[in-house]
Amino acid sequence: MKLLNTGPSPRGWHRLQLMLECPQKWAFRYKDPNAANDFVSVPLIKGSMMHLILAHHYLHVKAHQEGREDTEWLEPREALRQGCKENGEAWQQHYENILGCYEAYLANWHFEDIKILEVEKLAYAKIGEYVFTGRFDLVYEDRRGMVWICDHKTTGRMQTKQRKFYSISGQLVGYRYLGQQIYGDRFGGMILNQVQHAEPHKFARITLPPAPNLIQRFPQIVKDAEDEIASLEASGRRFNE
């Protein structure tokens, strides 16, 4: 059985966001050969661990809904153990915390009635001459036949202001844009799946309000960032100095 790769999409929002914020930061991150060794924060580690166990959970739920035994992907708890083994002490020290959060998540959402369509789906759309990609944590269909993209977000403390922040997040606006392109009239919108990993564990699912102005501007934002990247790469500058 396999461990799922839940890494970022190849031409996603974070790459563009960094260019829009600071070309030098973009160069350090994407052109410096030592960038892969950069320090990874504890919140990012915990988020990666929670994404991993939830991905394997919903892969098994999907298999069960389709009337088959999942013999391809590791059982969720085993996937977390394997992930900790591969990533060493940086992950291992948070194992009990994330496992406990997962068990609380199961108890909280035991009644959910959704049809799983995709888990960690890599999606893409052409925007002018460029390709924009996103990796959807979860795509599901409700009882009305509407399709929703659900994005898992972990936090040490759940706050109402986080919902407003994510409603205008470039990443999630991009996912909404992709969802409209892929699913058309069946697309219901974006769901924020909030997970508080600190005890007491808390959970919430929020339907994010649409941001029509941002959606309308999104293709131009992508083009502008990609044009800047192309211009910088064609300049002949040394990126890591």
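Before reading on, note that the structure itself is shown above.
Residues numbered from 1 in each chain as written. Predicted model: local features only at pLDDT ≥ 70, side-chain atom pairs only at ≥ 80, totals over all residues. Heavy atoms only, no water.

A count of helices and strands for the protein chain gives nine helices and five strands. In sequence order, the protein chain lays out its α and β elements as α-α-α-α-α-α-β-β-β-α-α-β-β-α. Here the protein chain has a C-alpha radius of gyration of 19 Å; the compact-globule value for 241 residues is 18 Å, and the two agree. The principal-axis extent of the C-alpha atoms belonging to the protein chain is close to 55 × 45 × 35 Å. Burial status across the protein chain gives 46% buried among its 241 residues. (Helix = DSSP H or I, 4+ residues; strand = E, 2+ residues; numbered from the N terminus. Rg over C-alpha atoms; globule rule 2.2 N^0.38 Å. Buried < 20%, exposed > 50% of the residue type's maximum accessible area, 1.4 Å probe, protein only.)

It is worth spelling out the sheet that holds strand S3 (residues 147-155) at this point. Consider a sheet: its strands pair through backbone hydrogen bonds, and that pairing is either parallel or antiparallel. Strand order in the open sheet formed by five strands is S1-S2-S3-S4-S5, with mixed pairing between adjacent strands. Since the sheet does not close on itself, it has two edges, and those belong to strand S1 (115-127) and strand S5 (202-207), each with one partner. Direction aside, the axes of adjacent strands within the sheet are offset by 35° on average. Two elements, S1 and strand S2 (residues 130-141), share 11 bridges in a ladder whose sense is antiparallel. Within S2, the residue paired with Leu 122 across the bridge is Arg 135. Its contacts with the sheet place helix H8 (residues 170-183) against S1, S2, S3 and strand S4 (187-196), and it is angled at close to 80° to S2. (Pairing = 2+ DSSP bridges. Axes fitted to C-alpha atoms, helices over the stretch in contact; angles between N-to-C directions. Contact = heavy atoms within 4.5 Å.)

Next up on the list: the pattern of salt bridges. A side chain with one charge can pair with a side chain of the opposite charge if their charged atoms come near. The full count for this structure, using the stated rule, is 13 salt bridges. The residue Arg 77 makes a salt bridge to Glu 103 at a minimum N-O spacing of 2.7 Å. In this pair, Arg 77 is assigned in helix H4 (residues 76-87) and Glu 103 in helix H6 (residues 95-108), connecting sequence segments 26 residues apart. Connected through salt bridges with shared partners, the residues Arg 11, Arg 15 and Glu 226 form a single ionic network. (Salt bridge = Lys/Arg side-chain N within 4 Å of Asp/Glu carboxyl O.)

Ring pairs (aromatic) are described by centroid distance and by the angle formed between their planes. Tallied over the entire structure, the rule returns eight aromatic pairs. With centroids separated by 5.6 Å and ring planes inclined at 85°, the aromatic side chains of Tyr 105 and Phe 203 adopt a geometry described as edge-to-face. With Tyr 105 in helix H6 and Phe 203 in strand S5, the pair connects residues that are 98 residues apart, well separated along the chain. Accessibility expressed as a relative area gives 1% for Tyr 105, which makes it buried. By relative accessible area, Phe 203 is classed as buried at 14%. Measuring from ring centre to ring centre gives 5.8 Å for Trp 109 and Phe 111, while their planes differ by 50°; the resulting arrangement is tilted. For Phe 111, a relative accessible area of 54% corresponds to the exposed category. Each member of the aromatic cluster is reached from another via a ring pair, and the members are Trp 13, Phe 132, Tyr 177 and Phe 218. Sitting above the plane of the Trp 73 ring, Lys 2 keeps its charged end 4.6 Å from the centroid. The ring of Trp 109 has Arg 205 lying over it, and the distance from NZ or CZ to the ring centre is 3.9 Å. (Phe/Tyr/Trp six-rings, centres within 6.5 Å; stacked < 30°, edge-to-face > 60°. Lys NZ or Arg CZ within 6 Å of the ring centre and 35° of its normal.)

On to the environment of Arg 176. By the element assignment, Arg 176 lies in helix H8. Using a relative accessible area of 10% as the deciding quantity, one classes Arg 176 as buried. If near-sequence neighbours (up to four positions away) are discounted, Arg 176 is found in contact with Phe 187, Gly 189, Met 190, Leu 208, Pro 209, Pro 210 and Ile 215. Looking at Arg 176, its side chain comes within polar contact range of the main-chain oxygen of Pro 209, at 3.5 Å. (Polar contact = N/O pair within 3.5 Å; in protein donor to acceptor, adjacent residues only side chain to side chain.)

Let's shift gears to the packing of H8 against helix H9 (residues 212-234). The geometry of H8 relative to H9 is characterised by a closest axis approach of 10 Å and an angle of 90° between their N-to-C directions. Classified by the angle their axes make, H8 and H9 are roughly perpendicular. Residues Gly 170, Val 173, Gly 174, Arg 176, Tyr 177 and Gln 180 of H8 form the contact with H9, whose own contacting residues are Leu 214, Ile 215, Phe 218 and Pro 219. Looking at the contact of H8 with H9, its residues break down into six nonpolar, three polar and one charged. (Parallel < 35°, antiparallel > 145°, perpendicular 65-115°, else oblique. Nonpolar A, V, L, I, M, F, W, Y, C, P; charged D, E, K, R; others polar.)

Take the nonpolar core next. Side chains of nonpolar character tend, in soluble globular proteins, to be buried together. Ranked by size, the top nonpolar core spans 34 residues in total, and within it Leu 16, Trp 26, Phe 132, Phe 136, Met 190 and Phe 218 carry the most contacts. Excluding anything up to four places from it in sequence, Met 190 contacts Trp 148, Ile 149, Asp 151, Leu 172, Tyr 175, Arg 176, Ile 206, Thr 207 and Leu 208. Listed in part, the 31 residues of the second largest apolar core include Ile 98, Leu 99, Leu 138 and Phe 203. (Core = buried A, V, L, I, M, F, W, Y, C linked by side-chain atoms within 4.5 Å.)

As far as function goes, none of this settles anything; it's purely spatial.
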